[in-house]
Number of protein chains: 2
Amino acid sequence: MKIYVVGIGPGDRADMTPRAVDALSEAEVIVGYGTYIELIKDIIDGKEIISSTMTRETERCRTALECALAGRCAAVVSSGDAGVYGMASLVYEICAGHPEVEIEVIPGITAACSGAAVAGAPIGHDFAVISLSDRLTSWEVIEKRLRLAAEADFVICLYNPSSKKRSGYLKRACECIAEYKSAETQCACAVNIGRNGERYEIYTLDELKDAHTDMFTTVFIGNSETRVINGRLVTPRGYRI
Amino acid sequence: MKIYVVGIGPGDRADMTPRAVDALSEAEVIVGYGTYIELIKDIIDGKEIISSTMTRETERCRTALECALAGRCAAVVSSGDAGVYGMASLVYEICAGHPEVEIEVIPGITAACSGAAVAGAPIGHDFAVISLSDRLTSWEVIEKRLRLAAEADFVICLYNPSSKKRSGYLKRACECIAEYKSAETQCACAVNIGRNGERYEIYTLDELKDAHTDMFTTVFIGNSETRVINGRLVTPRGYRI
């Protein structure tokens, strides 16, 4: 009885690990959000596929548990890394009363890493990863983390910087961060990572407030040493050059 | 004129992306620390290999630049992700005066993600990544970041928790964190990720102070919601179960 929780990376097949491909090939049932299923449809051709809309995460994980209890190997699919705002922790929670079900998390390239590679090398030193989605976390907690991360001079990587319902969140986040970081702090947005239209934009923290972002954007806010080198965002580790 | 900066993941070939393999195959010269070169020797068989000891990072990147300027494609190899305490930012810095040299960073699975998958799902919510190495960062800055990350209730992932020269650092780090997090905070160490002897251990924050760690250990310190489920460390995202 086994459930794989598979991180498929940013989207391009070249960034998906062989271990992820093997797990998807071994599984009898594939469970995931429709958009992610589409990215791997050639690997899972002919398998039973249970896809659903974005907000049905708990239901999807219960389905995977039911499959496993019925003796069928299930794979729950996440984009990026399954452990970073992905399905891994939820699968463990859903399976809490079932120690007989083996869970194997297959790590993938998360947007902090794939987006950083597109924009340059922004997370070359200590960094904090914060989601701006307040669907499951109160905005007060998010603001507190933004302020403390800025005070600590972390590079800050923002997931879910905005959506249709949350259009002003990035601006509010930048204002919290600007209480501790200079308005001239170098920042970048990586967009459509691993997909058509992949690109990045460089901003100052002051400019970032009004940047257009969507669900396919990952935001990087530099530390006090971050700078732009040959057009890319780079945070030095501290080596003497 | 091109330099690839390649993240080869935790060590196991199954966790290395096809894009990393392709870049290593395309490169004419491979530059890296000897231990990492060993992990990929079958891919780079027959190529010119320039390996050196751990502390010669700047020299290795200069060598890559010289190769590129001479028209030879070079690949600089990092374990994990090349952008997370890896060679990516240093390559950009070394190439600052040479915009004609194209740099492509190939992301890999970093220890925060691969170690999390071994230990369970500890980074399922906002997290901070901090290196305890004070070779390039002052211990005062490290302590400040530890305290603020703990105050923010981030899950904290520690890289380089100790080495032969830094045996008491993890204890000191735990003491800083314990100023803000409960002594009962659930923690884990992931050891030898993707290599022989891969394993994890669960601790409370109080126990973690005296845990044995080495350069092949990645440490996870939970947030206030993190708990142990079926023996694994899990940080809920916040879904109602």
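Residues numbered from 1 in each chain as written. Chains lettered and ligands numbered in written order. Predicted model: local features only at pLDDT ≥ 70, side-chain atom pairs only at ≥ 80, totals over all residues. Heavy atoms only, no water.

Novice: Whenever I open this one, the overall build of chain A confuses me. Can you help?
Specialist: The helix and strand inventory of chain A stands at eight helices and 13 strands. By the compact-globule yardstick of 18 Å for 241 residues, chain A fits well, its C-alpha radius of gyration being 19 Å. When its C-alpha atoms are laid out on the principal axes, chain A stretches across 55 × 35 × 35 Å. Looking at chain A as a whole, 61% of its 241 residues are labelled buried. A fraction of 70% describes how many contacts in chain A between residues 6 or more apart in sequence connect residues 24 or more apart. Working note: accessible area of chain A is about 9000 Å², and carbon and sulfur atoms make up 46% of it. Of the charged side chains in chain A, 26 are positive and 33 negative, and the gap between their average positions amounts to 2 Å. (Helix = DSSP H or I, 4+ residues; strand = E, 2+ residues; numbered from the N terminus. Rg over C-alpha atoms; globule rule 2.2 N^0.38 Å. Buried < 20%, exposed > 50% of the residue type's maximum accessible area, 1.4 Å probe, protein only. Contact = heavy atoms within 4.5 Å. Areas by Shrake-Rupley, 256 points an atom, 1.4 Å probe, with all protein chains shown as cover. Lys, Arg positive; Asp, Glu negative; His and termini not counted. Charge placed at Lys NZ, Arg CZ, Asp CG, Glu CD.)

Novice: Explain the pattern of salt bridges here, please?
Specialist: Tallied over the entire structure, the rule returns 36 salt bridges over all chains. Notably, a salt bridge pairs Asp42 of chain B with Arg13 of chain B, separated by 2.8 Å at the nearest N-O pair. Of this pair, Asp42 of chain B sits in the loop between helix 2 (34-39) and strand 3 (48-52) while Arg13 of chain B sits in the loop between strand 1 (2-7) and helix 1 (18-26), and the two are 29 residues apart along the sequence. Note on Asp42 of chain B: relative accessible area 51%, which makes it exposed. Three or more residues are tied together by salt bridges with common partners; here these are Lys2, Arg19, Glu102 and Glu104 of chain A together with Asp15 of chain B. (Salt bridge = Lys/Arg side-chain N within 4 Å of Asp/Glu carboxyl O.)

Novice: Is there a simple way to explain the pairing of strand 7 (residues 127-131) of chain A in this structure?
Specialist: Successive side chains on a regular strand alternate, one facing one side of the sheet and the next facing the other. Taking burial as the measure, the five residues of strand 7 of chain A include five buried ones, the bulk of the element. What you see with strand 7 of chain A is no split at all: Phe127, Val129 and Ser131 of chain A on one side and Ala128 and Ile130 of chain A on the other are buried throughout. Inspection of the sheet shows strand 7 of chain A paired to strand 8 (residues 155-159) of chain A by five bridges, in the parallel sense. What sits directly across from Ile130 of chain A, in strand 8 of chain A, is Leu158 of chain A. Bridging between strand 7 of chain A and strand 7 (residues 127-131) of chain B involves three bridges; their strand directions are antiparallel. Residue Ala128 of chain A lies in a different strand from strand 7 of chain B, and its bridge partner there is Ala128 of chain B. (Pairing = 2+ DSSP bridges.)

Novice: What should I look at first to understand the relation of the copies chain B and chain A in this one?
Specialist: What connects the two chain copies is a rotation about an axis and a shift along it. Structural alignment of chain B on chain A gives an RMSD of 0.0 Å, achieved by rotating through 180° and translating 0.0 Å along the axis. Each copy turns onto its partner about a two-fold axis. Both copies present the same face, since 100% of the interface residues in chain B are matched by interface residues at the equivalent positions in chain A. (Least-squares fit on C-alpha atoms with pLDDT ≥ 70 in both.)

Novice: How should I be thinking about unusual backbone geometry in this particular structure?
Specialist: Most peptide bonds are trans, and most residues other than glycine sit at a negative phi. Residues and elements named next belong to chain A. The phi dihedral of Asn160 falls on the positive side, at around 50°, and the residue is not glycine. Summarising the element assignment, Asn160 is placed in the loop between strand 8 and helix 7 (169-177). By relative accessible area, which is 17% here, Asn160 ends up buried.

Novice: For this particular structure, what's the right way to read the packing of aromatic side chains?
Specialist: The geometry of an aromatic ring pair is captured by the separation of the ring centres together with the interplanar angle, meaning the angle of the planes. Residues and elements named next belong to chain A. Within the structure shown, the criterion is met by six aromatic pairs over all chains. Summarising the aromatic geometry, the rings of Tyr33 and Tyr36 are spaced 5.1 Å apart at their centres and angled 80° between planes, so their arrangement reads as edge-to-face. This pair shows no difference in class: Tyr33 is buried, exactly as Tyr36 is. Here the basic side chain of Arg172 rests over the ring of Tyr169, its NZ or CZ set 5.3 Å away from the ring centre. (Phe/Tyr/Trp six-rings, centres within 6.5 Å; stacked < 30°, edge-to-face > 60°. Lys NZ or Arg CZ within 6 Å of the ring centre and 35° of its normal.)

Novice: I keep staring at the interface of chain B and chain A and nothing clicks. Help me out?
Specialist: Reports of interface size often rely on the accessible area that becomes lost once the parts have come together. Chain B puts 70 residues into the contact, and the matching count from chain A is 70 residues. Around 6200 Å² of area is buried between chain B and chain A when both sides are counted, 60% of it from carbon and sulfur atoms. When the area that chain B buries against chain A is broken down by residue, the three leading residues are Arg145, Arg237 and Tyr239 of chain B, summing to 13%. Our count for the contact surface shared by chain B and chain A stands at eight salt bridges. The partner of Asp15 of chain B in a salt bridge is Arg19 of chain A, with the nearest N and O atoms 3.1 Å apart. Where chain B packs against chain A, one counts 32 residue pairs in polar contact (both at pLDDT 80 or more). Looking at which element gives the most residues to the side of chain B that touches chain A, the answer is helix 4 (residues 88-94) of chain B, with six residues. Across the side of chain B that touches chain A, the residue classes break down as 34 nonpolar, 19 polar and 17 charged. (Buried area = accessible area lost by both parts, 1.4 Å probe. Polar contact = N/O pair within 3.5 Å; in protein donor to acceptor, adjacent residues only side chain to side chain. Nonpolar A, V, L, I, M, F, W, Y, C, P; charged D, E, K, R; others polar.)

Novice: I would appreciate a short explanation of the nonpolar core in the present structure.
Specialist: Here is a general trend for soluble globular proteins: nonpolar side chains tend to be buried in one another's company. Counting residues in hydrophobic clusters, the biggest one holds 54 residues, and the most contacted among them are Leu208 of chain A together with Leu208 of chain B. The next biggest cluster of nonpolar side chains, apart from the first, holds 40 residues, and it includes Ala112 and Ile123 of chain A together with Ala111 and Cys157 of chain B. (Core = buried A, V, L, I, M, F, W, Y, C linked by side-chain atoms within 4.5 Å.)

Novice: Please explain the environment of Tyr92 of chain B as it appears in this structure.
Specialist: Checked against the element boundaries, Tyr92 of chain B lands in helix 4. Sequence separation between Tyr92 of chain B and Thr213 of chain B is 121 residues; the distance between their C-alpha atoms is 32 Å. Contacts of Tyr92 of chain B, omitting those with residues within four sequence positions, involve Gly120, Ala121, Ile229, Arg232 and Val234 of chain A together with Ile103 and Val105 of chain B.

Novice: Hey, could you run me through the sheet that holds strand 12 (residues 227-229) of chain A in this one?
Specialist: Consider a sheet: its strands pair through backbone hydrogen bonds, and that pairing is either parallel or antiparallel. All names here are of chain A. The strand order 6-13-12 describes an open sheet built from three strands, whose pairing is mixed. Each end of this open sheet is capped by a strand with a single partner; those strands are strand 6 (120-121) and strand 12. Judged from the three bridges that link them, strand 12 and strand 13 (residues 232-234) form a sheet pairing that is antiparallel. Bridging from a neighbouring strand, Arg227 pairs with Val234 of strand 13.

Novice: Explain helix 6 (residues 139-151) of chain B to me, please; I cannot follow it from the model alone.
Specialist: An α-helical segment advances 3.6 residues per turn. Residues three or four places apart therefore align on the same side. Counted at 1.5 Å a residue, the expected span for helix 6 of chain B with its 13 residues is 18 Å, and the 18 Å between its end C-alpha atoms agrees. Where helix 6 of chain B is concerned, the buried positions are Trp139, Ile142, Glu143, Arg145, Leu146, Leu148, Ala149 and Ala150 of chain B. On its buried face, helix 6 of chain B sits against helix 6 (139-151) of chain A together with strand 7, strand 8 (155-159) and helix 7 (169-177) of chain B. The first or second residue beyond helix 6 of chain B is Asp153 of chain B, which carries a positive phi of 60°. (Expected span 1.5 Å × (residues − 1).)

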